[in-house]
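Overview (structure and organization)
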Amino acid sequence: MRLKGRYGYELRKAFGNPCFVISLGVALAISIWHAFESVSYALWADSVDHFYVSNQSCFANWIVVDCNVRVSSTIFFYVVPFLAALPFVWSFLSERMSGYASQLVTRETRSDWVKAKGAATFLTGFTVVAVPLLVNFVCVACFLPAYTPQVEESMTVGLVGNDLFSELFYRLPLMYVVAFIVLDGLLAGAWAVFVLSLSVIFKNRVSLIVIPYLALLLWQYVTKTAFTALGIVGCSLSMIDDMKGVYYSQPPDLFVIGVRLLLLLAASALLLCLQKRKEFI
């Protein structure tokens, strides 16, 4: 009961704070903005795309498949790593600075405290990304039919054989939607936990949230530039590109994503173990 109580408290604190509401609200606003853009184009714009059945489906106009077409979808995938980390990664620092942490560990074990923080942070990061993706699909599906995309029209849709889960898209498109919602949610949740674990390094809440995000953007730019300049043909090394359904240069690879996800969680677990040491309380 004590463990459940600690987890329940941290979850209520994570999902009930204003930062979570703001993060989820911003992500939802961008996803709905994209749905409006996408549906408007599909229904009213004069385009040769209207001759292809696949382009009129809700699956082809979902934000993940449409990620490199609309400005709103591009903004979404660049902003959500920041939004996923915003709701609760600052909680360790806040409780240490306020003195609450030193009082807490006299009543509960440090291990329970750290595990509950990690679980709550992961779930808030997952929710901030997964819910807007689901809402975007529902909004698009309210106006566009659920045609099964045709593989013969892959070039007009923009999703080809090297794209992640492309076989699902052309055979079981609804499962494609579920797969990407889960994958993007897991990536966002793991990123949020990793930023939380960096509390052992950063001593300021703003720098804790901003610096890792800027480093992620820099890594995105460097990998793209390096691959292009060196003529390297390889898979994506950026979390931002991994969250997209369609790529420009480096396709996401599920095995590589899985390895990086495990490494990220392993690094987070190692750093979180340091949080249990007396000098960090």
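Source: prediction; values computed, not measured.

A few words now on helix H2 (residues 18–44). One turn of an α-helix holds 3.6 residues; hence residues three or four places apart share an orientation. Taking 1.5 Å as the rise per residue, H2 with 27 residues should run 39 Å; its terminal C-alpha atoms sit 38 Å apart, in good agreement. Inspection of H2 places Phe20, Ser23, Leu24, Ala27, Ile30, Ser31, His34, Ala35, Ser38, Val39 and Ala42 among the buried residues, and these make up the whole buried set. Its side-chain oxygen placed 2.8 Å from the backbone nitrogen of Cys19, Asn17 serves as the N-cap of H2.

Let us now look at helix H6 (residues 110–141). Taking 1.5 Å as the rise per residue, H6 with 32 residues should run 46 Å; its terminal C-alpha atoms sit 46 Å apart, in good agreement. Thr127 marks where H6 bends most, by close to 25°.

For the pair helix H3 (residues 71–85) and H6, interaxial distance at closest approach is 8 Å and the crossing angle is 145°. Crossing handedness for the pair H3 and H6: right-handed. Residues Phe76, Val80, Leu83 and Ala84 of H3 form the contact with H6, whose participating residues are Gly125, Val128, Val129, Pro132 and Leu133. Its residues placed into classes, the contact of H3 with H6 shows 8 nonpolar, 1 polar and no charged.

Under the criterion given, the structure shown has 13 aromatic pairs. When the centroid spacing of 5.9 Å and the interplanar angle of 70° are considered together, the rings of Phe88 and Trp90 count as edge-to-face. By relative accessible area, Trp90 is classed as buried at 16%. Each residue in the set Phe59, Trp62, Phe137, Phe165, Phe169, Tyr170, Tyr176 and Phe180 is aromatic and connected to the rest through ring pairs, giving one cluster. Looking at Arg70, its charged tip hangs above the ring of Tyr41, at a distance of 4.5 Å from the centre.

With that out of the way, let us pick up the side chain of His34. Tracing the chain through its elements places His34 in helix H2. Assessed through its relative accessible area of 0%, His34 is described here as buried. A polar contact of 2.9 Å, which involves the side chain of His34, links it to the side chain of Asp66. Once you skip the residues sitting within four places of it in the chain, His34 turns out to touch Asn61, Trp62, Ile63, Asp66, Arg70, Ser72, Ser73 and Asn136.

Time to look at the nonpolar core. In terms of nonpolar packing, the biggest core is built from 72 residues, with Trp62, Val64, Phe76, Leu133, Leu159, Phe169 and Tyr176 touching the most fellow members. Take this core: its biggest share by element is 14 residues, from helix H9 (residues 173–197). Beyond its immediate sequence surroundings of up to four residues, Val64 is in contact with Phe77, Leu133, Tyr176, Phe180, Asp184, Met243, Lys244, Gly245 and Val246.

A separate point is the state of the cysteines. Taken as a whole and judged by the stated rule, the model has 0 disulfides. Considering cysteine sulfurs only, Cys142 is the nearest to Cys58, which forms no disulfide, with 9.6 Å between them.

As a further point, take the confidence of the model for the protein chain. On average, residues of the protein chain carry a pLDDT of 83, and 85% of them reach 70 or more. Taking the mean pLDDT of every element in the protein chain, the minimum, 60, falls on helix H5 (residues 100–104) and the maximum, 94, on H9.

Structurally, Val135 can be placed in helix H6. When near neighbours in sequence (up to four residues on either side) are disregarded, Val135 contacts Leu28 and Ile32.

All right, on to unusual backbone geometry then. Here Phe165, not a glycine, exhibits a phi torsion of approximately 60°, which is positive. As for its position among the elements, Phe165 is in the loop between helix H7 (154–157) and helix H8 (166–171).

Turning next to the packing of H6 against H9. Each pair of packed helices can be summarised by the angle the axes make with each other and by the distance between the axes. For the pair H6 and H9, interaxial distance at closest approach is 7 Å and the crossing angle is 145°. Judged by the sense of rotation from one axis to the other, the crossing of H6 with H9 is right-handed. Split by residue class, the contact of H6 with H9 holds 18 nonpolar, 5 polar and 2 charged.

What follows concerns the side chain of Asp242. With respect to the element layout, Asp242 can be found in helix H11 (residues 239–242). In this view, Asp242 contacts Phe180, Leu183, Asp184, Leu187, Ser236, Pro252, Ile257 and Arg260; residues no more than four positions away in its chain are not counted.

Glancing now at the environment of Lys13. Checked against the element boundaries, Lys13 lands in helix H1 (residues 2–16). The sequence separation of Lys13 and Lys117 amounts to 104 residues, and the corresponding C-alpha distance is 9.9 Å. Other than its neighbours up to four places away in sequence, Lys13 contacts Phe88, Glu95 and Lys117.

Calculation criteria
- Residues numbered from 1 in each chain as written.
- Predicted model: local features only at pLDDT ≥ 70, side-chain atom pairs only at ≥ 80, totals over all residues.
- Heavy atoms only, no water.
- Helix = DSSP H or I, 4+ residues; strand = E, 2+ residues; numbered from the N terminus.
- Expected span 1.5 Å × (residues − 1).
- Buried < 20%, exposed > 50% of the residue type's maximum accessible area, 1.4 Å probe, protein only.
- Polar contact = N/O pair within 3.5 Å; in protein donor to acceptor, adjacent residues only side chain to side chain.
- Bend = angle between axes of the 7 residues up to and from the residue.
- Axes fitted to C-alpha atoms, helices over the stretch in contact; angles between N-to-C directions.
- Left-handed = near helix turned anticlockwise from the far one by under 90°.
- Contact = heavy atoms within 4.5 Å.
- Nonpolar A, V, L, I, M, F, W, Y, C, P; charged D, E, K, R; others polar.
- Phe/Tyr/Trp six-rings, centres within 6.5 Å; stacked < 30°, edge-to-face > 60°.
- Lys NZ or Arg CZ within 6 Å of the ring centre and 35° of its normal.
- Core = buried A, V, L, I, M, F, W, Y, C linked by side-chain atoms within 4.5 Å.
- Disulfide = S-S within 2.5 Å.
- pLDDT = per-residue confidence, 0-100.

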